[in-house]
Amino acid sequence: MTPQEITKTVDVVVIGGGGAGLVSAISAAEQGSSVIVLEKAPFLGGNLTVFGGIYNAPDKEKQSKMEMSEAVKKTIETAINTEPANEVHAAAIAAVKADYEAWKANGSVGLFDSASWFALQTWNSGDKVANKELVDIMCNNAYDGFTWLENIGVEFNDKLTQGAGSLYQRTHGAVKPSGSGFINAYVETLKKYGDKVTIMMETPADTLIMEGKKVVGVKATDKFGNKYTVNANNGVILATGGFAGNVELRQEYCEGEKWKDLSDKVLTTNLKAITGDGIIMAREIGVNLVDMDQIQLLHLGNAFTGSTKGVIPYKGRNSDEVIFVNSNGDRFVAEDGRRDVMCNAILEQEGGFYWMIHDSKNIDPKSAEAENFIKGGYLYRAESLEELAGLIGVPKENLVASVNEYNKYVETGVDDLTGRKLLVATIDEGPFFAAKRVPSAHHTMGGVEIDSETHVIYKDGSIVEGLYAAGEVTGGIHGGNRVGGNAVDDTVVFGRIAGYNAANKK
Ligand SMILES: Cc1cc2nc3c(=O)[nH]c(=O)nc-3n(C[C@H](O)[C@H](O)[C@H](O)COP(=O)(O)OP(=O)(O)OC[C@H]3O[C@@H](n4cnc5c(N)ncnc54)[C@H](O)[C@@H]3O)c2cc1C
């Protein structure tokens, strides 16, 4: 069939059917808008299809039943008694102090938490680079976002944890694997709006349609070559995700002092479709890009694919019970450290990889999953550490010494070698396991500048009328380090704002 030129007109056009796009679409539809979602891939969900299922939000009720250790008290007190770096920091500290004092004065029990503490930790962890106003919006609305998710049918475990890469025991873990619980709930919710919401699969957007300085629609092409002009009466929402999968953009913006080589030698945990398309479209019309040099590598990539899939058959959700050794069998970094610190340390090791060492408390040796990983050549299993060392080609005496020393640190509670603090389980129950892993491009913290209402901002500081953005396509929210479990907060909180505002031309 000859490709057609097709024109459609709706109230709101959403570019990207990942988490941020689907939440924006729901939010716009809730306002009575007609919506078209343009999706490049043949499936919905974007990185939700591979995500770890963790969402951070303070939760007073659950936290009131938890314990607050002396170490946690010390962490809070250190953070609020630090000399402020600037006025923003001083205000952030004052807000936490007020909440903490009020919490103590009320005779509260359990684990202290508040939106202000969540925000201070998030901002500090991102090296105070992020726009604190946006951090506050995310943290103030994270719990509301969580209850909204529950109301539309996303199921979470009852118990709060401190998820991998997160900073505090405020992590809600999804019951269903990866993002399937989220994607199903989003799609089912959108179905309620019938033909007011249209999802166009395999139809990547490529150009924003302008009327002067205002965005009034989007051009897209489907897999048959049909060309669409999709006019937006009320607004266009950019939700195309980050650029971890775009080597050119990575090298253009992020290579430098922190990451010396981001060429295709560095694989990615992201889906193939996540190539910064929205950032490129926005750049073409003169949008301001912020924090573009901030990229996060994750230390958990499969050494062959870069993905986090195909390498984590362990029982828990995080890596509290494992150690990392290099090709010499030596530990070289605190395994509970910041992601960028761990990744840089790994990249300095010979070959730029490490072996994650598990025991049978951590991986069920009889599980079919472990068996499959072993058959696939991703995982090695041996009855003794000596045998394991032989399988992975590291000096036996070094691997044995590394494990024995680590076990001593668990007993004494002090790791003299790396300063690791999470010392909860020894590695002493065979069979033992090893998986080869590498740092992999995971999250791009930079992107289009937005204000607190998700309006996209031109280089001259003015608002781009008609254009909104949410999710990983935006910059300014995570700063120098995206905290584990905070990215989906970002998509939910800002996606809801973007959908509402676009629908109402606000
Ligand atoms: C392996 C992994 C595990 C993670 N685990 C967690 C976790 O446990 N907790 C957490 O908070 N965060 C986690 N994250 C981060 C989080 O999943 C993402 O930041 C978040 O899902 C991004 O959502 P998004 O909608 O902004 O973008 P994406 O999920 O990247 O979605 C963008 C969508 O836009 C589409 N698209 C792209 N270009 C175009 C175009 N030109 N036209 C139309 N459509 C287009 C894409 O196909 C995609 O569907 C994880 C990320 C990865 C990779």
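On a predicted model such as this, the values are computed, not experimentally measured, just so you know. (Residues numbered from 1 in each chain as written. Predicted model: local features only at pLDDT ≥ 70, side-chain atom pairs only at ≥ 80, totals over all residues. Heavy atoms only, no water.)

Concerning the overall build of the protein
Then comes step 1: Helix and strand counts for the protein come out as 14 helices and 17 strands.
Then comes step 2: Against the globule reference of 23 Å for 506 residues, the protein gives a C-alpha radius of gyration of 23 Å, in line with a compact fold.
Then comes step 3: Expressed as lengths along the three principal axes of its C-alpha atoms, the size of the protein is roughly 70 × 65 × 45 Å.
Then comes step 4: Across the 506 residues of the protein, 56% fall into the buried class.
Then comes step 5: In the structure as shown, the protein presents an accessible area of about 20,800 Å², 50% of it carried by carbon and sulfur atoms.
Then comes step 6: Distance from the positive charge centre (49 side chains) to the negative charge centre (67 side chains) of the protein: 3 Å. (Helix = DSSP H or I, 4+ residues; strand = E, 2+ residues; numbered from the N terminus. Rg over C-alpha atoms; globule rule 2.2 N^0.38 Å. Buried < 20%, exposed > 50% of the residue type's maximum accessible area, 1.4 Å probe, protein only. Areas by Shrake-Rupley, 256 points an atom, 1.4 Å probe, with all protein chains shown as cover. Lys, Arg positive; Asp, Glu negative; His and termini not counted. Charge placed at Lys NZ, Arg CZ, Asp CG, Glu CD.)

A closer look at the site of the ligand
Then comes step 1: Around the ligand, the structure places 39 residues, and the nearest of them are Glu39, Asn47, Gly52, Glu472 and Val488.
Then comes step 2: Within the backbone of alanine 20, an N or O atom sits 2.9 Å from an oxygen atom of the ligand.
Then comes step 3: The contact in question runs from an oxygen atom of the ligand to an N or O atom on the side chain of glutamate 39, over 2.5 Å.
Then comes step 4: If the ligand stood free it would expose 1,000 Å²; the protein chains cover 97% of that surface.
Then comes step 5: Of all the secondary-structure elements, those providing two or more residues to the shell around the ligand are helix 1 (19-30), strand 14 (432-444) and helix 14 (487-503).
Then comes step 6: At three residues, the largest contribution of residues to the shell around the ligand is made by helix 14.
Then comes step 7: Among the residues making up the shell around the ligand, the classes are represented as 14 nonpolar, 20 polar and five charged. (Near = heavy atom within 4 Å. Polar contact = N/O pair within 3.5 Å; in protein donor to acceptor, adjacent residues only side chain to side chain. Nonpolar A, V, L, I, M, F, W, Y, C, P; charged D, E, K, R; others polar.)

Thoughts on the domain arrangement of the protein
Then comes step 1: Segmentation of the protein into domains returns domain 1 (5-52 + 180-295 + 442-503), domain 2 (58-173) and domain 3 (298-439).
Then comes step 2: Domain 2 and domain 3 are separated by 30 Å when their C-alpha centres are compared.
Then comes step 3: Contact residues are listed per partner, giving seven residues for domain 2 and four residues for domain 3.
Then comes step 4: Across the domain 2 to domain 3 interface the summed buried area is about 430 Å²; carbon plus sulfur atoms make up 36%.
Then comes step 5: For the pair domain 2 and domain 3, the number of links is one salt bridge.
Then comes step 6: For the interface between domain 2 and domain 3, the tally reads three residue pairs in polar contact (both at pLDDT 80 or more). (Domains from an automatic or database assignment. Contact = heavy atoms within 4.5 Å. Buried area = accessible area lost by both parts, 1.4 Å probe. Salt bridge = Lys/Arg side-chain N within 4 Å of Asp/Glu carboxyl O.)

Topic: the environment of proline 177
Then comes step 1: The topology assignment puts proline 177 in the loop between strand 4 (171-173) and helix 7 (180-191).
Then comes step 2: Separated by 125 residues in the primary sequence, proline 177 and glycine 52 have C-alpha atoms spaced 7.9 Å apart.

Side note on the nonpolar core
Then comes step 1: In terms of nonpolar packing, the biggest core is built from 94 residues, with Phe182, Tyr186 and Phe494 touching the most fellow members.
Then comes step 2: Sorting elements by how many residues they give to this core places helix 6 (residues 132-151) first, with nine residues.
Then comes step 3: Residue assignment places this core across two domains, with domain 1 (5-52 + 180-295 + 442-503) and domain 2 (58-173) each supplying three or more.
Then comes step 4: Excluding residues that lie within four positions of it along the chain, tyrosine 186 makes contacts with Gly19, Leu22, Val23, Ile26, Leu48, Trp148, Leu149, Ile152 and Val492. (Core = buried A, V, L, I, M, F, W, Y, C linked by side-chain atoms within 4.5 Å.)

Observations concerning the packing of helix 5 (residues 115-125) against helix 6
Then comes step 1: The interhelical angle for the contact between helix 5 and helix 6, taken along N-to-C directions, is 135°, at an axis separation of 8 Å. Taken together, the axes of helix 5 and helix 6 lie oblique to each other. For the element pair helix 5 and helix 6, the recorded crossing hand is right-handed. Between helix 5, through Ala115, Phe118, Ala119, Thr122 and Trp123, and helix 6, the contact on the second element is made entirely by Lys132, Val135, Asp136, Met138, Cys139, Asn140 and Ala142.
Then comes step 2: For the contact of helix 5 with helix 6, a count of residues per class yields eight nonpolar, two polar and two charged. (Axes fitted to C-alpha atoms, helices over the stretch in contact; angles between N-to-C directions. Parallel < 35°, antiparallel > 145°, perpendicular 65-115°, else oblique. Left-handed = near helix turned anticlockwise from the far one by under 90°.)

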